[in-house]
Amino acid sequence: MFLFDDVLMSMMGVSVPGLNLFSTLELIKDLAYKELYDPEITRNEIKENRMLYEFGEISEEVYTARKTELMNRLEQVQKLLNANVSFL
Amino acid sequence: MKHKSRPMENGVYVYCVIRAPGEAKSFGNIGFGGNEVYTIDYKEFSSVASVAPLKKYDMENEKEIETHQNVVNEVMKDNSVIPVAYGMIFKNRKLVLASMRVAQKAMKKGLKVVEGKVELGIKIISQQEQTGRPEAGPFIDEFEKELGKVSSDSKKLKLFSKRLVLNKAYLVDKDRVDTFSDSVEALKSKCKVFNVQYSGPWPAYNFVDIKILSKHREGRR
């Protein structure tokens, strides 16, 4: 109902400072979710991790641990996408 | 009542396409699961293939990507290779032949591009401890100018990391690879501000349509 009220009041030309702040926070939260759950961003991080390992900047242990973390995240993201969950 | 787990169905996995060697050829048991890698001929072309599980091949599975790459490297030793996208699995040999028939024109075009050539990769990254990003423009310009002289084509690739300032693939004649390598070494020694990675030779993945055998996204048919 929050979003409905907020939009409705904006449409009527009513600006409530508190509500606007909540709306902005909601938007930031949504954008953060979108970034976290964008498979392309995670794929890029997987490639970057591999690249830094190949350049000798990180050890095999760090590379493997990070890779496992990113692969798990990608799997979760793909499950969510398959379940058709959207954040915006 | 327990469900019996069904064994995974097998298909025919295609690693790359080459000019038909004239007779059936085996590259040994180097395919997925240690299966034999052999040729499937259609007119003047051969698909280099092996039996493999009929499943989705994940882009993030490094072990499987390595198997694919090892086979292609072995084939590349004596052949010009038209690379095929990783994960190209067919239900059976008949479907491989049907796809080859449809892709004849594309294979001819692809072979013209890759005959006698290999792909070499250049990645340049900013150094870890750098706080501000140094101006990469002049250095990249010099790299592109010099390497342009010793290659027949090049492609800019995606900058997937903030650290990457150049990610490029070069198509180089096999007999000019040493000249290309010398140029890279000379450029590297001039550069203290960036780190350079030089890789290859690879099959020309970035210069031909690697989905010639399938327009399906995952390559399953």
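The shown structure was predicted, so the numbers you read here are calculated from the model rather than taken from an experiment. (Residues numbered from 1 in each chain as written. Chains lettered and ligands numbered in written order. Predicted model: local features only at pLDDT ≥ 70, side-chain atom pairs only at ≥ 80, totals over all residues.)

Enquirer: It is not clear to me how the overall build of chain B should be interpreted in this structure. Could you clarify?
Expert: Counting its regular elements, chain B contains five helices and 10 strands. Projected onto its principal axes, the C-alpha coordinates of chain B cover approximately 65 × 50 × 30 Å. Long-range contacts, defined as pairs at least 24 residues apart, comprise 76% of the intrachain contacts of chain B with a sequence gap of at least 6. (Helix = DSSP H or I, 4+ residues; strand = E, 2+ residues; numbered from the N terminus. Contact = placed C-beta atoms within 7 Å.)

Enquirer: Help me out: how do you make sense of the packing of helix 3 (residues 39–54) of chain A against helix 4 (residues 60–82) of chain A in this one?
Expert: Angle between the axes and distance between the axes are the two parameters that describe a pair of packed helices. Residue and element names in this part refer to chain A. Closest axis-to-axis distance for the helix 3/helix 4 pair is 9 Å, and the angle between their directions is 165°. Classified by the interaxial angle, the pair formed by helix 3 and helix 4 is roughly antiparallel. Relative to helix 4, the crossing made by helix 3 is left-handed. Side by side, helix 3 and helix 4 meet where P39, T42, R43, E45, I46, N49 and Y53 of the first sit next to Y63, R66, K67, L70, R73, L74, V77, Q78 and L81 of the second. In terms of residue class, the contact of helix 3 with helix 4 is made up of eight nonpolar, three polar and five charged. (Axes fitted to C-alpha atoms, helices over the stretch in contact; angles between N-to-C directions. Parallel < 35°, antiparallel > 145°, perpendicular 65-115°, else oblique. Left-handed = near helix turned anticlockwise from the far one by under 90°. Nonpolar A, V, L, I, M, F, W, Y, C, P; charged D, E, K, R; others polar.)

Enquirer: Would you explain the interface of chain A and chain B in this entry?
Expert: Often the size quoted for an interface is simply the accessible area lost on bringing the parts together. If you look at the interface, chain A gives 10 residues, while chain B gives eight residues. Mapped by element, the contributors of at least two residues to the side of chain A that touches chain B are helix 3 and helix 4 of chain A. Broken down by element, the residue count for the side of chain A that touches chain B peaks at six residues, all from helix 3 of chain A. Counted by class, the side of chain A that touches chain B contains five nonpolar, one polar and four charged residues.

Enquirer: Explain the environment of T179 of chain B to me, please; I cannot follow it from the model alone.
Expert: Residue and element names in this part refer to chain B. If you trace the backbone, T179 turns up in helix 5 (residues 177–190). On the basis of neighbour count, T179 is assigned to the partly exposed category, with 14 C-beta atoms found within 10 Å. When the C-alpha atoms of T179 and S151 are compared, they prove to be 9.6 Å apart, with 28 residues separating the residues in sequence. (Buried ≥ 20, exposed ≤ 12 C-beta atoms within 10 Å, placed from the backbone.)

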